[in-house]
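For reference, the chains in residue letters:
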Amino acid sequence: MSEKIDSLLQEDRRFPPSADFTANSIASPDLYERAAEDRLAFWADQARELLHWHTPFTQTLDWNNPPFARWFADGTLNVAYNCLDRHVIAGNGDRVAIHWEGEPGDTRTITYAQLTEEVKKAANALEALGIRHGDRVAIYLPMIPEAAVAMLACARIGAVHSVVFGGFSAESLRSRIEDAQAKLVITADGGWRKGKVFPLKDAVDAAVANDASHPATTVEHVLVVKRGDNDVEWVDGRDLWWHDVVAGASENHEAKPFEAENPLYILYTSGTTGKPKGILHTSGGYLTQCAFTHKYVFDLHPETDVFWCTADVGWVTGHSYVVYGPLANGATQLMYEGTPDTPHPGRWWELIEKYGVTILYTAPTAIRAFMKTGREYPQKFDLSSLRVLGSVGEPINPEAWIWYRDIIGGGKTPVVDTWWQTETGAIMVSALPGITSTKPGSTQVPIPGISVDVLDETGKRVGNGNGGLLVSTAPWPSMLRGIWGDPERFIETYWEKFDFEGSPNRRMYLAGDGARLDADGELWVLGRVDDVMNVSGHRLSTMEIESALVSHPIVAEAAVVGATDDTTGQAVVAFVILRAKQAEAQTAEEAEAILKVHVAEQIGAIARPKKIYIVTELPKTRSGKIMRRLLRDVAEGREVGDTTTLADTQVMQVITDKLK
Ligand code: WT7
């Protein structure tokens, strides 16, 4: 690892912004100066400039009870009003909010006026179903405009949404519904993916079914959008069609103001235990930082730009840069339902040409997959509309960065690598395209108003040229406000490592990433330092997959590691010990196949292991902790490292012999 990093840090290519770009750039260097002078005043200015407040706030940050921050706490606003009504009132109702393209090629064009009307109707429909301020609503939808409408309708009435990625299984959906005690689920019959309809309603039926092992569900209604036209089961009284309930609702709905700290959403993400964490975000601070970063990191010119963030709304990137950031800024965007290679490997590039996309925001995994398929596909299309390219979700290797700039960006567009997390709510570290001289592979500098640092284990700053743990050193507007229902886990996970005795308000936020500062003091994020994997820019927990594996009756023990993978960054590799009887009953190949299916059923297809090794031993320390480092060596085909701390030093020999 460290050799690889050292060679990365030799990277000396620099791409200063062109004079043309800088001349029309939204950002100017004084942003950094203003933020450095008075960070809180800077954020207060941004909140006032970028948002409409029903009641102006007088207090910027309340950090008297760290780590529970309150931003703009005495102000009130309505998040949906900020994303919709005010643009219509300002005369921009005819501006396209969403160009939507379904995977089969069907399209919808939705203006701000139309989106506002649709959200008002949906808000009335939710209220008619008894959804009130503070109630939780689970959303399990494909990438269709109703996903944004459903989220905004919740925001409009002060309900809290919990979007669950459509690729998660019924089991994962159930645990999220139960944890948040959702009253309503909004789903679709199915959606399009890889040329086929995948069912969603079936999973909801299973997730809310009451049976011996599950208590009565809190879900009162299931609201179903018709998209896939696939057959669905129907429970009269509980299930309702979106087109019946929403289409018939009134289009008059007043957006009432809520406190800035009103909960906006819960989004579950994997941690180091088997149980996902419900990350809680609130309203005013979150929307401020989403709008600010969307405007400045992407150099947004809302009258002329067509923005495309390729993330699914099931992930935080889809929350902040498909829904809240772009709509708060009155941007025009593209939303696409399907996969990049359906029906042909050039689909994305065709869409960019068709809609004249100017800003593209995607993940390194996608870029590396396109590199493999070949440049001939993007080169068939006119991509000259593109002027800013963004990357997110995992470290981008310089080779992919250069390919992105050259092949997709015609060798001229700035590439911004943005570091942030579900917990941070919005971008924290990134170049600003009209200002920063970009550096392939580095995420570079904190955005104005944000402070991060790299510390060693004892909490000392490592300084330039060194690596350590990435922290945020001061509260920021879009920071998570907690873990749903678990304040202790919130404190333990993020705030206890670097707690300055006697000075609790100097607590620092531990991101869980390793990072290095280069000679210029710019940041290189190296990846997770905990038992969290990053597969295709999606966060998966080794523990969660291990518990899914051991929940199968044939499994005695399991260990999971993230092994380096050329395309997906990391891939899930499992080592499994079968129960004695089972080991005889089937071959390793059979067991591997059964368990891959099982993990996909338990968590979702994204967690399906790429490889499962059936073994008879696992390497453990004397205290019984699995040494994943050694398993990673095996999974990545390396010579096995230092085994001296193993309880049984022979065990790695046994494993490697068996796998030969
Ligand atoms: C983890 C957060 C942020 C939205 C998508 C993922 C990794 C994220 C970068 C980047 C290197 C990155 C980190 C982080 N990560 N962006 N630009 N360079 N690593 O959100 O699921 O909450 O995952 O993704 O490891 O901790 P998430």
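Thresholds applied
Residues numbered from 1 in each chain as written. Predicted model: local features only at pLDDT ≥ 70, side-chain atom pairs only at ≥ 80, totals over all residues. Heavy atoms only, no water. Patch = residues over 30% accessible without salt bridge, like charges linked within 9 Å, V, L, I, M, F, W, Y side chains within 5 Å. Areas by Shrake-Rupley, 256 points an atom, 1.4 Å probe, with all protein chains shown as cover. Salt bridge = Lys/Arg side-chain N within 4 Å of Asp/Glu carboxyl O. Lys, Arg positive; Asp, Glu negative; His and termini not counted. Charge placed at Lys NZ, Arg CZ, Asp CG, Glu CD. Helix = DSSP H or I, 4+ residues; strand = E, 2+ residues; numbered from the N terminus. Near = heavy atom within 4 Å. Polar contact = N/O pair within 3.5 Å; in protein donor to acceptor, adjacent residues only side chain to side chain. Nonpolar A, V, L, I, M, F, W, Y, C, P; charged D, E, K, R; others polar. Core = buried A, V, L, I, M, F, W, Y, C linked by side-chain atoms within 4.5 Å. Buried < 20%, exposed > 50% of the residue type's maximum accessible area, 1.4 Å probe, protein only. Contact = heavy atoms within 4.5 Å. Domains from an automatic or database assignment. Buried area = accessible area lost by both parts, 1.4 Å probe. Axes fitted to C-alpha atoms, helices over the stretch in contact; angles between N-to-C directions. Left-handed = near helix turned anticlockwise from the far one by under 90°. Phe/Tyr/Trp six-rings, centres within 6.5 Å; stacked < 30°, edge-to-face > 60°. Lys NZ or Arg CZ within 6 Å of the ring centre and 35° of its normal. Pairing = 2+ DSSP bridges. Disulfide = S-S within 2.5 Å.

**As for a negative patch on the surface**
There is a patch of like negative charges on the surface, built from Glu488, Glu492, Glu496 and Asp499. On the secondary structure map, Glu488 appears in helix α18 (residues 487-494).

**Structural notes on the site of the ligand**
Taken together, 18 residues surround the ligand, and among them Asp417, Thr418, Thr422, Asp513 and Arg539 come closest. A distance of 3.3 Å is found between a nitrogen atom of the ligand and a backbone nitrogen or oxygen belonging to Glu394. Residue assignment for the shell around the ligand shows that the elements contributing at least two residues are α13 (316-328), β20 (415-418) and β25 (523-528). When the residues that make up the shell around the ligand are grouped by side-chain class, the tally is six nonpolar, seven polar and five charged.

**Things to note about the nonpolar core**
If you look at the biggest cluster of nonpolar residues, it comprises 159 residues, and the most contacted ones within it are Ile186, Phe298, Tyr324, Ile545, Leu549 and Val576. For this core, the element with the most residues is helix α8 (residues 145-157), which contributes 10 residues. Every residue in contact with Tyr324, bar those within four places of it in the chain, is listed here: Val79, Cys83, Met151, Leu152, Ala155, His161, Leu264, Tyr265, Tyr286, Leu287 and His319. One finds Trp349, Leu351, Phe381 and Ala400 within the second-largest nonpolar core, a separate group that totals 27 residues.

**Overview of the domain arrangement of the chain**
Each domain of the chain was delimited in the assignment, giving domain 1 (38-339), domain 2 (452-526) and domain 3 (536-659). For domain 1 and domain 3, the distance between their C-alpha centres works out to 36 Å. Each partner contributes to the interface: domain 1 provides 15 residues, whereas domain 3 provides 14 residues. For the pair domain 1 and domain 3, the summed buried area comes to about 1000 Å², and 51% of that belongs to carbon and sulfur atoms.

**Quick word on the pattern of salt bridges**
In total, this model carries 40 salt bridges according to the counting rule given. Ionic pairing is found between Asp299 and Arg387, a salt bridge with its closest N-O pair at 2.9 Å. Taken together, the residues Asp299 in the loop between α12 (284-297) and β16 (306-309) and Arg387 in the loop between α16 (376-379) and β19 (388-392) connect sequence positions 88 residues apart. The class of Asp299 is buried, set by a relative accessible area of 3%. Owing to a relative accessible area of 22%, Arg387 belongs among the partly exposed residues under this scheme. One salt bridge connects Asp565 with Lys610, and the closest N-O pair in it is separated by 2.7 Å. Of this pair, Asp565 sits in strand β28 (residues 555-565) while Lys610 is found in the loop between α21 (588-602) and β30 (611-614), placing the two residues 45 residues apart along the sequence.

**Observations regarding unusual backbone geometry**
With an omega of 5°, the peptide bond running from Pro66 to Pro67 counts as cis. Structurally, Pro67 can be placed in the loop between β1 (61-62) and β2 (70-71). A cis amide bond links Thr342 to the next residue, Pro343, at an omega of 0°. A positive phi is found at Phe72, a non-glycine position, where the angle reads about 55°. Secondary-structure assignment places Phe72 in the loop between β2 and β3 (76-77). Positive phi outside glycine occurs at Gln181, with the angle close to 50°. The topology assignment puts Gln181 in the loop between α9 (170-180) and β8 (184-188). Gln181 sits in the partly exposed class, given a relative accessible area of 47%.

**Remarks on the packing of helix α6 (residues 85-92) against helix α7 (residues 112-128)**
At a closest axis distance of 9 Å, the pairing of α6 and α7 adopts a crossing angle of 145°. Crossing hand, α6 versus α7: left-handed. Contacts between α6 and α7 pair Asp85, His87, Val88 and Asn92 from the former with Tyr112, Ala113, Thr116 and Lys120 from the latter.

**So, the packing of aromatic side chains**
All told, the structure shown has 34 aromatic pairs when counted by the stated rule. Summarising the aromatic geometry, the rings of Tyr265 and Tyr286 are spaced 5.2 Å apart at their centres and angled 85° between planes, so their arrangement reads as edge-to-face. Here Tyr265 is found in strand β14 (residues 263-269), whereas its partner Tyr286 is found in helix α12, with 21 residues between them in sequence. Per residue, the accessibility class of Tyr265 equals that of Tyr286, and both read buried. Grouping aromatic residues by their ring pairs yields a cluster made of Trp63, Phe68, Trp476, Phe490, Tyr494, Trp495 and Tyr509. Taking NZ or CZ as reference, Lys226 lies 4.5 Å from the ring centre of Trp241, over its face.

**Observations concerning the sheet that holds β25**
Here four strands make up an open sheet; going across it, the order is β21-β22-β24-β25 and the pairing antiparallel. Lying at the two open borders of the sheet, with one neighbouring strand each, are β21 (452-455) and β25. Between one strand and the next, the sheet's axes are offset by a mean angle of 45°, whatever the strand orientation. Alignment of β21 against strand β22 (residues 467-472), held across four bridges, turns out to be antiparallel. Opposite Asp453, over in β22, you have Val471 as the bridge partner.

**Description of the state of the cysteines**
In total, this model carries zero disulfides according to the counting rule given. Cys290 provides the cysteine sulfur closest to Cys83, a residue in no disulfide bond, and the two sulfurs are 8.9 Å apart. By relative accessible area, Cys83 is classed as buried at 0%. Its sulfur unpaired, Cys154 is 13 Å from the next cysteine sulfur, which belongs to Cys83. Take Cys154: its relative accessible area is 0%, and that puts it in the buried class.

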